[in-house]
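Commentary on secondary and tertiary structure
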Amino acid sequence: MKGLADYTGPVLESCDVLIVGSGPGGGTLAWKLAQSGLSVTVVEAGSWVKTFEKDFGKTIASHFWDGGMRAVRGNVTFPTLQARALGGGSVFNSAICMRPTASALARWRADHGLADYTEEALAPHFDAVEAFFDIHPVADEVMGRRNELFRDACNTLGWSVEKVRRNERGCVGSAECILGCRNEAKLSLDRRGIKEFVEAGGRVLTHLQVDQLLIEKGVAKGIVGHVVDGRATPLHHARIHAKVVVVAAGAINTPAILRRSGLRDRSVGDNLRFHPSGYLVGIFDDRVYPWTGATQGYHSTQFLNQGIKLESLWATAPVFAQRFPLGVRQFKRLLKRYDRAAVWDTWVSAEDSVGRVGVIPGTNKLDIQYDVGRGDLRRLQEGNALLAELFAAAGAREVLTGIKGLPEVMDAAEAPRILREAKLLPSDLPCGSNHVMGGAVMGADPTKSVCDGWGAVHGTANLYLCDTSIFPTSPGVNPMLTAMALAHRLGEVLPGRV
Ligand SMILES: Cc1cc2nc3c(=O)[nH]c(=O)nc-3n(C[C@H](O)[C@H](O)[C@H](O)COP(=O)(O)OP(=O)(O)OC[C@H]3O[C@@H](n4cnc5c(N)ncnc54)[C@H](O)[C@@H]3O)c2cc1C
């Protein structure tokens, strides 16, 4: 790709707009600015990944922050994955694209003063992004049995079920989205967006990790950081000057960069949100061949207004091993019936739960705190029970929940009742979340928010934020598409502000 270089020497350059991070937020903004006539540079701490491993452990160790070991602590401890690669999370995610719910936007308007966040006003940005990234429903031919069973179970129970819409072209249903798409079908930002940006003359510097922003007298002037190798070892000091700096480093790293840059007031790091999730394994009598078919082909929005989403999912054997506290014998028994298993997940929009990103003083180390609220614990429990109902309706014989204190293997017909009646603590649930939002939230009131509705940081000139960190709360759906549409929206006005 012309102009795209893995830097190994010191960097010192100037540009009109410097974008920190190349994920759905930063990458979409870069694409939108490609034809603006501005000189735009994107810096990205990770590599441009061109070959993907089939090994989950190696993938997360190589291409995720903290070697894939990033965790949240509070009344639960759970893993959270953030990609460290050109294209950010879009390279390894399931590519599910959904517009925010009307009720989430209504809350953003009412509670955060974001008056122009209406479905109508945002629609042109969603339309543009959906067209450019070829977002469309999963094709029937690549669904596979695991997804079809989910659909059939929803139909049996009379619950809504929709084909997932994704940014891809030519998916062959190899069920390995989380490892990166070896078939080059996923239209992640490295393949779509950044490519067009570079072709139009934009610059991308990978392996450049920003440590902090240069801010002089309340005006952002650039960044300082390090050129790093593929294992994130700092090699050289780097300094880049820009007229406008846009931080798009993701919902955990963006507030961390702001805090390291001395912006510690104005709620920086507060209001961190996740979609805590759990999954169940169902074991069927007949073969499901779960390794075939789209990673996530169908989902149900039946319970979305209660803050609960249900999805079909696949996870590889090492992911099972990490998440289920089964004994070796039980795990071997499960692996023997691997071909008869299906994995479906649930996540909650978690309005009752909130966290905070802190930076341990004098270090680059993060302290990520998060407590699951009581309402969300109930919702997670109910989400698991609903999944068990789905498995029973699909004809599964057994389900495995991995929940502490409950039988490791349950009869599918019995499981919904057991799950609903269980007296659980948040730490009993094998939780995780890769949907991270907030930490540098937008709002009209500078005393309660970090930036305005365009991402312009209150009180610091020429500094913008453009990723899921600005979401005041969950958009009620999977977060990527909202980040892309808001980046497109910012890209429309930014040239007039440089
Ligand atoms: C396994 C997985 C599956 C998911 N599935 C879905 C899904 O199907 N649908 C959906 O909507 N969402 C999904 N998500 C979440 C989605 O990927 C994220 O919400 C989305 O990527 C967020 O975009 P972003 O631009 O805010 O941040 P990111 O994608 O995190 O991008 C930030 C970028 O900034 C870079 N960066 C960070 N710090 C620095 C620094 N100091 N210097 C330089 N660069 C830096 C990072 O390396 C990264 O490339 C999934 C996430 C994961 C991990």
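Residues numbered from 1 in each chain as written. Predicted model: local features only at pLDDT ≥ 70, side-chain atom pairs only at ≥ 80, totals over all residues. Heavy atoms only, no water.

**Quick look at the overall build of the chain**
When its secondary structure is counted, the chain shows twelve helices and 23 strands. Its C-alpha atoms give the chain a radius of gyration of 22 Å, near enough to 23 Å, the size a compact globule of 498 residues would have. Projected onto the principal axes, the alpha-carbon positions of the chain cover approximately 65 × 45 × 45 Å. A burial count over the chain gives 60% of its 498 residues as buried. (Helix = DSSP H or I, 4+ residues; strand = E, 2+ residues; numbered from the N terminus. Rg over C-alpha atoms; globule rule 2.2 N^0.38 Å. Buried < 20%, exposed > 50% of the residue type's maximum accessible area, 1.4 Å probe, protein only.)

**Quick look at the pattern of salt bridges**
Scanning the entire structure with this criterion turns up 31 salt bridges. Residue Asp-376 is joined to Arg-379 by a salt bridge in which the shortest nitrogen-to-oxygen separation is 3.0 Å. With Asp-376 and Arg-379 both in helix α10 (residues 374-394) and three residues apart, the pair spans about one turn of that helix. Among the salt bridges present, the one from Glu-382 reaches Arg-420, with a minimum N-O distance of 2.8 Å. Of this pair, Glu-382 sits in helix α10 while Arg-420 sits in helix α11 (residues 415-421); the two residues are 38 residues apart in sequence, bridging distant segments of the chain. A relative accessible area of 24% means that Glu-382 is categorised as partly exposed. Through salt bridges with shared partners, one network takes in Lys-54, Glu-176 and Arg-182. (Salt bridge = Lys/Arg side-chain N within 4 Å of Asp/Glu carboxyl O.)

**Observations concerning the site of the ligand**
Around the ligand sit 37 residues, and of these Gly-25, Glu-44, Gly-89, Val-210 and Met-480 come closest. Pro-24 has a polar backbone atom sitting 3.4 Å from an oxygen atom of the ligand. Within the side chain of Asn-93, one N or O atom sits 3.0 Å away from an oxygen atom of the ligand. Taken by itself the ligand offers 990 Å² of open surface, and the protein chains cover 95% of this. At the level of secondary structure, the elements contributing two or more residues to the shell around the ligand comprise α1 (24-33), β10 (208-216) and α7 (253-260). Considering every element that reaches the shell around the ligand, the biggest residue donor is β10, with three residues. (Near = heavy atom within 4 Å. Polar contact = N/O pair within 3.5 Å; in protein donor to acceptor, adjacent residues only side chain to side chain. Areas by Shrake-Rupley, 256 points an atom, 1.4 Å probe, with all protein chains shown as cover.)

**As for helix α3 (residues 102-112)**
By the burial criterion, the buried members of α3 are Ala-104, Leu-105 and Trp-108. Angular distribution of buried residues about the axis of α3 spans 100°; they occupy a single face of the element. Projecting away from the buried face of α3 at angles above 90 degrees are the exposed residues Ala-110 and Asp-111. Those residues of α3 that are buried are in contact with α4 (119-132) and α12 (480-493). (Arc of directions from axis to C-beta. Contact = heavy atoms within 4.5 Å.)

**Comments concerning the packing of aromatic side chains**
Two aromatic rings, taken as a pair, are described by how far apart their centres are and by the angle between their planes. Across all of its chains, the model carries 17 aromatic pairs by this definition. Measuring from centroid to centroid gives 4.9 Å for Phe-274 and Tyr-370, while their planes differ by 75°, and the two rings are edge-to-face. Note that Phe-274 is positioned in strand β13 (residues 272-274) and Tyr-370 in strand β19 (residues 366-371), a separation of 96 residues in sequence. Judged by relative accessible area, which is 0%, Phe-274 ranks as buried. Ring pairing ties together the aromatic residues Phe-150, Phe-284, Trp-344 and Phe-391, which thus form one cluster. Geometry around Trp-65 places Arg-84 over its ring, the cationic atom sitting 4.2 Å from the centre. The positively charged end of Arg-489 is found above the aromatic ring belonging to Trp-454, 3.8 Å away from the centroid. (Phe/Tyr/Trp six-rings, centres within 6.5 Å; stacked < 30°, edge-to-face > 60°. Lys NZ or Arg CZ within 6 Å of the ring centre and 35° of its normal.)

**A short note on the sheet that holds strand β14 (residues 277-283)**
Think of a sheet as strands paired side by side through backbone hydrogen bonds, with each pair either parallel or antiparallel. Read from one edge of the open sheet, seven strands run β7-β15-β16-β17-β14-β20-β21, paired in antiparallel fashion. Edge positions in the open sheet fall to β7 (162-163) and β21 (410-411), since each of these has one partner strand only. (Pairing = 2+ DSSP bridges.)

**Focus on unusual backbone geometry**
The phi torsion at Asp-66 lies on the positive side, around 55°, for a residue other than glycine. Relative to the elements of secondary structure, Asp-66 occurs in the loop between α2 (56-63) and β4 (71-74). You will see that Ala-232, though not glycine, has its phi angle at about 70°, which is positive. With respect to the secondary-structure elements, Ala-232 resides in the loop between β11 (219-228) and β12 (234-247). Residue Ala-232 is classed as partly exposed on the basis of its relative accessible area, which comes to 31%.

**So, the pairing of β10**
Inspection of the sheet shows β10 paired to β11 by eight bridges, in the antiparallel sense. From the neighbouring strand, Val-210 faces β11, where its bridge partner is Gly-225. Between the antiparallel neighbours β10 and β11 lie two residues, among them Lys-217 with a positive phi of about 45°.

**Observations concerning the domain arrangement of the chain**
Domain annotation of the chain identifies domain 1 (4-56 + 81-93 + 98-132 + 188-265 + 440-497) and domain 2 (138-177 + 277-349 + 373-428). Placing the centre of domain 1 and that of domain 2 at their C-alpha centroids yields a distance of 33 Å. Contacts between the two partners involve 14 residues from domain 1 and, on the opposite side, 15 residues from domain 2. Here domain 1 packs against domain 2, burying approximately 1000 Å² in sum over the two surfaces, 52% of which is carbon and sulfur. (Domains from an automatic or database assignment. Buried area = accessible area lost by both parts, 1.4 Å probe.)

**Examining the packing of α4 against α12**
As a packed pair, α4 and α12 sit with axes 9 Å apart at the nearest point and diverge in direction by 110°. Classed by the angle they form, the pair α4 and α12 counts as roughly perpendicular. Across the interface between the two elements, Leu-122, His-125, Phe-126, Ala-128, Val-129 and Glu-130 of α4 pack against Leu-481, Thr-482, Met-484, Ala-485, Leu-486, His-488, Arg-489 and Glu-492 of α12. (Axes fitted to C-alpha atoms, helices over the stretch in contact; angles between N-to-C directions. Parallel < 35°, antiparallel > 145°, perpendicular 65-115°, else oblique.)

**Quick look at α12**
For α12, spanning 14 residues, the distance from its first C-alpha to its last is 21 Å, which sits close to the expected 20 Å at 1.5 Å a residue. Most of α12 sits out of view: twelve of its 14 residues are buried. Lining the buried residues of α12 we find α1, α3, α4, β6 (135-137), β8 (165-167) and β23 (463-465). (Expected span 1.5 Å × (residues − 1).)

**Section: the side chain of Glu-130**
Structurally, the position occupied by Glu-130 is in helix α4. Exposure remark for Glu-130: the relative accessible area of 12% places this residue in the buried category. Look past the residues within four positions of Glu-130 in its chain and what remains in contact with it is Arg-99, Ile-135, Arg-165 and Leu-481.

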